[in-house]
Each structure stands twice: as structure tokens, then as C-alpha cells.
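Listed here are the chains, written in short residue letters.
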Amino acid sequence: MTATQSASTYDDINPATGEVIAQVPESTHDDLDRAVRAARTAFDGGKWSQMAASRRAKIVNKMAQLIAERANDLMLMEVRDNGKAISTAKGEMGAIVDCFEFYAGAATKNYGETMPPPLPTYLANTVREPVGVVGAIIPWNFPLLLASWKVAPALAAGCTVVLKPAPSTPLTALELGKIALEAGVPEGVLNVVTGSGRDLGQWLVEHPLVDKIAFTGSTATGKLVAKTAAETIKRVTLELGGKSPSIVFDDANLDAAVAAAIYGIYYNAGQACEARSRVLVQKSIYDRFVASFVERARNVRVGDPEDPQTQVGAITLPEQFEKIRSYCEIGASEGARVLLGGERAKLDGRNAGGMFWSVTAYEAAPDARIAREEIFGPVVTFVPFADEAEAIALANASEYGLSASVWSENIGRANRVARALRSGTVAINTPYAVFPGVPFGGYKQSGYGRELGMETMKLYSETKSVLTFIGEKPMNPFGV
Ligand code: NAP
Ligand code: MG
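Residues numbered from 1 in each chain as written. Chains lettered and ligands numbered in written order. Predicted model: local features only at pLDDT ≥ 70, side-chain atom pairs only at ≥ 80, totals over all residues. Heavy atoms only, no water.

### Section: the overall build of the protein
Across its full length, the protein holds 15 helices and 19 strands. Structurally, the protein occupies a C-alpha span of about 85 × 55 × 40 Å along its principal axes. Within the span of the protein, comprising 480 residues, buried residues form 55% of the whole. By sequence separation, contacts in the protein at least 24 residues apart represent 73% of the contacts at least 6 residues apart. Computed over 48 positive and 53 negative side-chain charges, the inter-centroid distance for the protein is 4 Å. (Helix = DSSP H or I, 4+ residues; strand = E, 2+ residues; numbered from the N terminus. Buried < 20%, exposed > 50% of the residue type's maximum accessible area, 1.4 Å probe, protein only. Contact = heavy atoms within 4.5 Å. Lys, Arg positive; Asp, Glu negative; His and termini not counted. Charge placed at Lys NZ, Arg CZ, Asp CG, Glu CD.)

See below:
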């Protein structure tokens, strides 16, 4: 980890109370450059990149242990930095430990291949080598979780990393840097840069000594990242936005589908890339489904993030709060029918100054902006459909393709629809769930490349082909 040389700091705010909770270093261009050079030197020195994979595995596993030991502190830090409900943060801590453990195991399984001899006198094989210095850029909605999705596989593959958290939620990334050192990751292998400007990420993507950018954020920024990275032919993986549908057929288990639809949009206050922000319901059960959703969603507990009973915490950023507010206004101007919420949730006591939004639901035309654009808040739109073909057409009529759910007790239909969806993940008859061994990522403008799963190890590796001549008579193609 590199210390900033910059003297200036900025206020880090708890969005649930408005309190300043930390002063965070405002890294300069020089700080960023030093972090990248530290990562480059560490990579080229080979202490980490050439270390026996089994030893790297032990160190990554040690990081998992240290995170598990400190889960309570990290959880509270995340809650105060981000405003999320502590019940949500608790689940994330378990997932973060699982992610580091999974990639500790993956470190020793990043296999190359041996090809059938291309000629009898040749051996041909591939080896997977770490891709080099990785610039990891993450958003504010799941700060430590999304950092772990990049840092764990990158370290396991032997890469070195410069991690840039979002300026509003930098605290757990800084802790991760300390944990890495404590676990035995050598100096310079994991570097964390914090800052409030829009420049740090841009500089990281431009930097000629960085080999790969692993980016999670909005589709608009993702496009800019891809363009900038093209200048230096960096490898890029992009995890971007979504407008993920739940499709509910009339033969679904309605009780389970309603519960999942509520969780699917209000989890993390809707600030989740895979949030099921469109619920498509077959006409024959539409009224019943929507009535049940509204009735049950009224029981969702929006409140103080530090109260263990709370299910929906604060909106993390003032800009995000404003975006949600303005989409609700757009919904009203587009003639969408408000089914629930649609306004600020007012809390009292220590949360009086916090930013909370009520759980909100609309019925809207499929081409309404609130039914097409990513809002990234606790706002869902319902759209009715007639049959399977229309459900598929509506679900796929989106520039995004991150995730989707299908609810039907007919396994043929559920799997037919899953196959027809242009989506990186399809969940059948389950609320969405993410596991370290299962790849996660988008089709279309939701990005490219994947996080999690074994295939991610390839994305932090280069493939080197090694050709060995084993004939008795040396080659002399020119006969000279
Ligand atoms: P964002 O504005 O795109 O920012 C994401 C990160 O990129 C931040 O660290 C940001 O730092 C940085 N950044 C900004 N401009 C940059 C540039 N020119 N070059 C390099 N980096 C730059 O996204 P956000 O609002 O924080 O996050 C919400 C979005 O993330 C949503 O669209 C959501 O769907 C998506 N998301 C996707 C996934 C997934 O796995 N697919 C997961 C979570 C979130 P600054 O804040 O300093 O600008
Ligand atoms: Mg904060």
C-alpha cells in the first residue's frame, strides 16, 4: 500500500445521518503514478507473480481469515460509509470471505493445457501467466464486496493491483490494503488510491504501466473506459448497468414470486446492478400479483441502517437521491400509475438529516423511461404481458442484459424462456443469488468479461504457448 503525499483530505459522509465520519486523503496525479509504479515494480520483481501458487493460495486464504475475524468492524464501517442496512452488510461480509476462499483454491488450479503434438517432433503446451498490473475501479453500492470480486482473483492469479474505490465509500478498501499486508502480501502488490475528483480513474485507465482495467460502474463511464483503454491496448473487463426483468407466469408459485419480487428491488435500497427493476406479469394473474406485492411491500422496514431490524437503509449519494426523485417525477409526467411510495421517506432522531426513499412501485407502459432506464433506487415498474412470446420480447427489449428471473412451475417453459433471454444470469424460481463459483456479468451494454467463477482466472491471465522441439535431428529450415 502506498501512502499519499498529498496534504489535502476530503470529508467522508454517513448518508444516513449527514455526519462526517472520516477525513480521506485526496490523492494527486503523483500519488496515482507512485501507486502504479509500486505495482509495476512489485510485479516485475517477481516476488508475488512468480511465487509458488500454493504459497500465494495460503496468503489469499489468510486474507479470508482476517476478514472473517474483523467482519463486525468492517460491516459497521461499510454501513456508516454507504448507508446500507446492517442486515445487508452482514450478508456481504460472508460473501466476501467466501470469495477470498474460493480464489485461494483457484490459485493452484489456473491450469494450462497440453495440445496433441502438432508434429511428431514437437511438444506444445500453454501456461497461464498473470496479466500484470491491474487497475481495479469500483462503485459505491457494494464497496468491499465488489473490491473483493476483483482483488481476490487478481491476487490469486499473481497480478499486482491498484484499487480505486468510489470517493464516497473508500474506507473498507483502505482496510483491505492493511489486511493484505498483514496476511503476507508483499509491499507494492495491493495499492489503494482515494480521491474525490473524476480524474483518478481516468489517469489509471490512461497509465501506460497498467496492463488491465477491471471496471464496475455505469454503462456511460464504461464506454469511456473502453475508449481510453484502447489507446494502450489494455485488457478490459466491464461490469455495467442493468434493467433486469422478473417474468412471472400464471403457473408460478405466486407467494414465492411476490416475496422475491419485493426482495429483488428493495434489497440494498435498489442500488444493485442486478436489481429486478422491471416485473413482467402475465395478464391473467396481474391484478392479484400487484395487489399482493403492494400489500406485502408496505411491511418492508425502511429505517436506521444500524438497527438490525432495518431492511432498507439510506440512499448513498445526494446525486443518486436526486436521480431517484427526478425519475419519480418523470414517471408522473409519463402517466405512470403510482402503486406505492414515490416520495422521500422521512425519518426522525439521528436519521432526520439522512437521505431515505420510500419503497416505490409503478405501473408503466413498457416504453416509458422509468420502465427502460436504470434508476438505481427502490423503484420498480410493473408491465403486464399476454403470453410467452410477448414476455420474451419485452424482457429482451432493453439495451442491458445483466440478469433476469423466470417464475413458472412448468420446467419446460421456464427453461425455454431462460434460453431465449439475452442475459448473463437467469434465475429460475429463486430470488437472485450470487455465488463465488458462478460467473457473473452482462450481455449487451451490461458489459463484457465475467467476474467470479473459474473463467475469471483466465481474465487475470495471459496464455503463453510453449513449443519444444524433441526430435533427434535439429531443424534447419533454410538448409544453410
Ligand atoms: P460510475 O459513476 O460509472 O463510477 C464507477 C467508478 O468509476 C467510480 O469509482 C468512479 O469514480 C470511476 N470513474 C468515473 N469516471 C471515470 C473515468 N473517466 N475513468 C475511469 N473511472 C472513472 O458508477 P456509479 O454511479 O459509482 O455506480 C453505479 C453504476 O454501477 C450503476 O450503473 C450500476 O448498475 C453499476 N454497477 C454494476 C455492477 C455489475 O457488476 N455489473 C455492480 C455494481 C454497480 P468517481 O466517483 O470518482 O467518478
Ligand atoms: Mg461515505
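### A word on the sheet that holds strand S11 (residues 337–340)
Read from one edge to the other, the open sheet built from seven strands follows the order S11-S12-S13-S10-S9-S15-S16, with strand pairing classed as mixed. Each having just a single partner strand, S11 and strand S16 (425–428) make up the two edges of the open sheet. Within this sheet the neighbouring strands show an average axis-to-axis angle of 25°, counted without direction. (Pairing = 2+ DSSP bridges. Axes fitted to C-alpha atoms, helices over the stretch in contact; angles between N-to-C directions.)

### A look at the nonpolar core
By size, the foremost hydrophobic cluster in this structure holds 110 residues, and its most contacted members are Leu163, Tyr266, Phe293 and Phe382. Considering every element that reaches this core, the biggest residue donor is helix H5 (residues 143–157), with 11 residues. Dropping the residues within four chain positions of it, Leu163 is found in contact with Ala136, Ile138, Ala147, Val151, Ala173, Leu176, Leu190, Asn191, Val192 and Val193. Of all hydrophobic cores here, the second largest spans 20 residues; its members include Val36, Val133, Ile137 and Phe215. (Core = buried A, V, L, I, M, F, W, Y, C linked by side-chain atoms within 4.5 Å.)

### Some words on the environment of Asp199
Within the secondary structure, Asp199 sits in helix H7 (residues 199–206). Taking the C-alpha atoms as reference points, Asp199 and Thr28, separated by 171 residues in sequence, lie 9.1 Å from one another.

### Digging into the pattern of salt bridges
Inspection of every chain in the model, using the stated rule, returns 21 salt bridges. Taking the shortest distance from any N to any O, the salt bridge between Asp44 and Arg40 comes out at 3.1 Å. Pair noted here: Asp44 and Arg40 are both in helix H1 (residues 29–45), with a separation of four residues, about one helical turn. Of the charged contacts, one joins Arg296 and Asp255 as a salt bridge, the two residues approaching to 2.8 Å between their closest N and O atoms. One end of the pair, Arg296, is in helix H10 (residues 283–297); the other, Asp255, is in helix H9 (residues 254–266), with 41 residues separating them in the sequence. One salt-bridge network, held together by shared partners, links Arg80, Asp304, Glu306 and Arg350. (Salt bridge = Lys/Arg side-chain N within 4 Å of Asp/Glu carboxyl O.)

### Side note on helix H14 (residues 411–420)
Taken residue by residue, H14 has Arg413, Ala414, Val417 and Ala418 as its buried positions. Looking straight down H14, one finds that the buried residues subtend no more than 135° of arc, so they occupy a single side. Turned more than 90 degrees away from the buried face of H14, the exposed residues are Ile411 and Arg419. Buried residues in H14 make contact with strand S9 (245–248), strand S10 (278–282), helix H13 (388–396), strand S15 (403–407) and S16. For H14, the capping residue at the N-terminal end is Asn410, with a side-chain oxygen 3.0 Å from the backbone nitrogen of Gly412. (Arc of directions from axis to C-beta. Polar contact = N/O pair within 3.5 Å; in protein donor to acceptor, adjacent residues only side chain to side chain.)

### A short note on the site of ligand 1
Around ligand 1, a shell composed of 29 residues is seen, among which Ile138, Ser218, Thr221, Leu240 and Glu374 lie nearest. Here an oxygen atom of ligand 1 and a backbone polar atom of Gly217 are 3.2 Å apart. The separation between a nitrogen atom of ligand 1 and a polar main-chain atom of Leu240 is 2.8 Å. Computed on the free molecule, ligand 1 has an accessible area of 910 Å², of which 92% lies beneath the protein chains in the complex. Elements supplying a minimum of two residues to the shell around ligand 1: H7, strand S7 (212–216) and helix H8 (219–230). (Near = heavy atom within 4 Å. Areas by Shrake-Rupley, 256 points an atom, 1.4 Å probe, with all protein chains shown as cover.)

### A word on the coordination of the magnesium ion (ligand 2)
At 2.2 to 2.7 Å from the magnesium ion (ligand 2) lie its protein donor atoms, namely Asp12 (OD), Ile13 (O), Asp81 (O), Asp81 (OD) and Ser168 (O). Written as a sequence motif, the donor residues of the magnesium ion (ligand 2) are D-I-x67-D-x86-S. Taken as a pair, Asp12 in strand S1 (residues 9–13) and Ser168 in the loop between strand S5 (160–164) and helix H6 (171–183) lie far apart in primary sequence, 156 residues in all. The same class applies to Asp12 and to Ser168, which are both buried. (Donors = N, O, S within 2.8 Å, 3.2 Å for Na, K, Ca; no water.)

### A short note on the sheet that holds strand S6 (residues 190–192)
One open sheet holds the six strands; their spatial order is S6-S5-S4-S7-S8-S18, and the pairing between them is mixed. The outermost strands of the open sheet, each flanked by one partner alone, are S6 and strand S18 (447–448). Sheet topology note: the S5/S6 ladder contains three bridges and is parallel. Pairing of Val162 across the sheet is with Asn191, part of S6. The sheet contacts of H6 involve S5 and S6, and relative to S6 the element is tilted by about 155°.

### Structural notes on the packing of H7 against H8
In contact at an axis separation of 8 Å, H7 and H8 are set at 35° when each is read in the N-to-C sense. In contact with Gln202, Val205 and Glu206 of H7, H8 contributes Leu224, Val225, Thr228 and Ala229. Of the residues that constitute the contact of H7 with H8, the class distribution is four nonpolar, two polar and one charged. (Nonpolar A, V, L, I, M, F, W, Y, C, P; charged D, E, K, R; others polar.)

### What to know about unusual backbone geometry
For Ile233, which is not glycine, the phi dihedral falls at a positive 50°. Relative to the elements of secondary structure, Ile233 occurs in the loop between H8 and strand S8 (235–239). Despite not being glycine, Lys444 shows a phi value in the positive range, around 50°. Checked against the element boundaries, Lys444 lands in strand S17 (residues 443–444).

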